[in-house]
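Survey of secondary and tertiary structure
Spelled out from the first residue to the last, the chains are:
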2 protein chains.
Amino acid sequence: MADNERTRAAEQPGTLADSIRASGLKVTAPRLAVLRVLDQAPHSTAERLFATVRAELPGTSLQAVYGVLAAFTGAGIARKIEPAGSPALFERQVGDNHHHIVCTRCGAVHDVDCAVGEAPCLTPSNTAGFTVHTAEVTYWGLCPDCQAAISSTSSSPSPLLNKGAQ
Amino acid sequence: MADNERTRAAEQPGTLADSIRASGLKVTAPRLAVLRVLDQAPHSTAERLFATVRAELPGTSLQAVYGVLAAFTGAGIARKIEPAGSPALFERQVGDNHHHIVCTRCGAVHDVDCAVGEAPCLTPSNTAGFTVHTAEVTYWGLCPDCQAAISSTSSSPSPLLNKGAQ
DNA sequence: TGCAATGTTTTGATTCAATCAAAACAACTG
DNA sequence: CAGTTGTTTTGATTGAATCAAAACATTGCA
């Protein structure tokens, strides 16, 4: 590793390093790299982040990425989402309480704003004595590309997931 | 296996075998056993179902349980739910579109009726071109037991999952 | 009632995602 | 600039689920 690339941390311009430091974490090259990729490609798996990070920081290990992500989610600057049938995805934590829509054919994920300003069906009717802290909505459907692919070819859809009828 | 226990399928009284046959599947002892346990203990993992089924049907393998569950979900008489941080859970498919509330401390799962008769926030505001088929709501909170456990002991909650702030 | 065809279950191996533990190492504090 | 704390690496391991092929049972049909 020529000239210790892994230690070049503090020389970043601004915001990324700042938001890491602001959350009480030490600033390191792997963390900067992961946060940058998280920004450029939200809803990435740990493996995908690893592949991209490794391109610019060859010494990085997959376990380091997992470690960085654990630190980020613990510190509240990243969020882990786990759609059924998919490995965990990560995105930078943003203030709003948005949800996700997942394509059942290709797995593409997009953000969806919460329908009403104040969370709508976040207060279930019968909580069975539970105290509710969070409500999480996942929408399942077809992304534009897969709609086109299905309507043009008459081949079988080969769905990524087999959700029960709603 | 004395007198071929595994083949005693058709002699069940009624409803279980009927609902298997009604969905176009062959009736077998492992399927009857899995469906019975699914009825008695909803929200069970495959492993848990396997342990219970094996008690009454010793020759059954874990893979058989997975196979039965795949057949059931494919035929629409069982539903697979996959809460973040937990292995997949299974329940008998019922007509209503209910959701689930999960205890972040002990993992207990309960059913929650959809707040309004017609699904409320099942129509997101910006679908980004997606066609929405299903909306899935998961509530996270504390079950009554864990609320009591936390307020009585001042020990650390040791949460099962670390959800981001909502 | 018995036979054949189809579909299910078993057996064994394998994949994928994620986590654990300890040693080597680097970032921040003073 | 040195020490302390915390991070990263290395290597192994777990857990959940899936795959493939052979053995077997259920159902429909004669």
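Residues numbered from 1 in each chain as written. Chains lettered and ligands numbered in written order. Predicted model: local features only at pLDDT ≥ 70, side-chain atom pairs only at ≥ 80, totals over all residues. Heavy atoms only, no water.

Residues and elements named next belong to chain B. Ile 20, Val 34, Leu 38, Leu 49, Leu 69, Phe 72 and Phe 90 are the most contacted members of the largest nonpolar core, which totals 27 residues. Going through the elements one at a time, α1 (15-22), α2 (29-40), α3 (46-56) and α4 (62-75) are the ones with two or more residues in this core. Examining the composition of this core, we find that seven residues originate from one element, α2, more than from any other. With sequence-adjacent residues up to four places away left out, Phe 72 is seen in contact with Ile 20, Leu 25, Arg 31, Val 34, Leu 35, Leu 38, Ile 77 and Ala 78. (Core = buried A, V, L, I, M, F, W, Y, C linked by side-chain atoms within 4.5 Å. Buried < 20%, exposed > 50% of the residue type's maximum accessible area, 1.4 Å probe, protein only. Helix = DSSP H or I, 4+ residues; strand = E, 2+ residues; numbered from the N terminus. Contact = heavy atoms within 4.5 Å.)

Right, let's get into the sheet that holds strand β6 (residues 131-142) of chain A. Paired through their backbone hydrogen bonds, the strands of a sheet run either parallel or antiparallel. Strand order across the open sheet formed by six strands is β5(A)-β4(A)-β6(A)-β6(B)-β4(B)-β5(B), with mixed pairing between neighbours. The open sheet has two edge strands with one neighbour each: β5 (109-112) of chain A together with β5 (109-112) of chain B. Adjacent strand axes in the sheet meet at a mean angle of 30° when their direction is disregarded. Pairing of strand β4 (residues 99-103) of chain B with strand β6 (residues 131-142) of chain B involves four bridges; the strand directions are parallel. Following the sheet pairing, His 100 of chain B is matched in β6 of chain B by Thr 138 of chain B. Packing against the sheet, helix α5 (residues 144-152) of chain A makes contact with β4 (99-103) and β6 of chain A together with β6 of chain B, and its axis sits at approximately 35° to β6 of chain A. Its contacts with the sheet put helix α5 (residues 144-152) of chain B on β6 of chain A together with β4 and β6 of chain B, and the angle it makes with β6 of chain B is roughly 35°. (Pairing = 2+ DSSP bridges. Axes fitted to C-alpha atoms, helices over the stretch in contact; angles between N-to-C directions.)

Glancing now at the side chain of Arg 31 of chain A. All names here are of chain A. Looking at the secondary structure, you find Arg 31 in helix α2 (residues 29-40). For Arg 31, which is buried and forms no salt bridge, the nearest opposite charge comes from Asp 18, at a distance of 14 Å. The residues contacting Arg 31, other than those within four sequence positions of it, are Ile 20, Leu 25, Lys 26, Val 68, Ala 71 and Phe 72. (Lys, Arg positive; Asp, Glu negative; His and termini not counted. Salt bridge = Lys/Arg side-chain N within 4 Å of Asp/Glu carboxyl O.)

Residue and element names in this part refer to chain A. UniProt marks Cys 103, Cys 106, Cys 143 and Cys 146 with the feature "binding site: Zn(2+)" (unreviewed entry), using the numbering shown here. Of the residues just listed, which span 44 residues, no C-alpha pair is farther apart than 8.1 Å, and they cluster in one region. As for its placement among the helices and strands, Cys 103 is situated in strand β4. Residue classification places Cys 103 among the buried positions, given a relative accessible area of 0%. Tracing the chain through its elements places Cys 106 in the loop between β4 and β5. (UniProt positions renumbered as here; feature names shortened; annotations may be inferred.)

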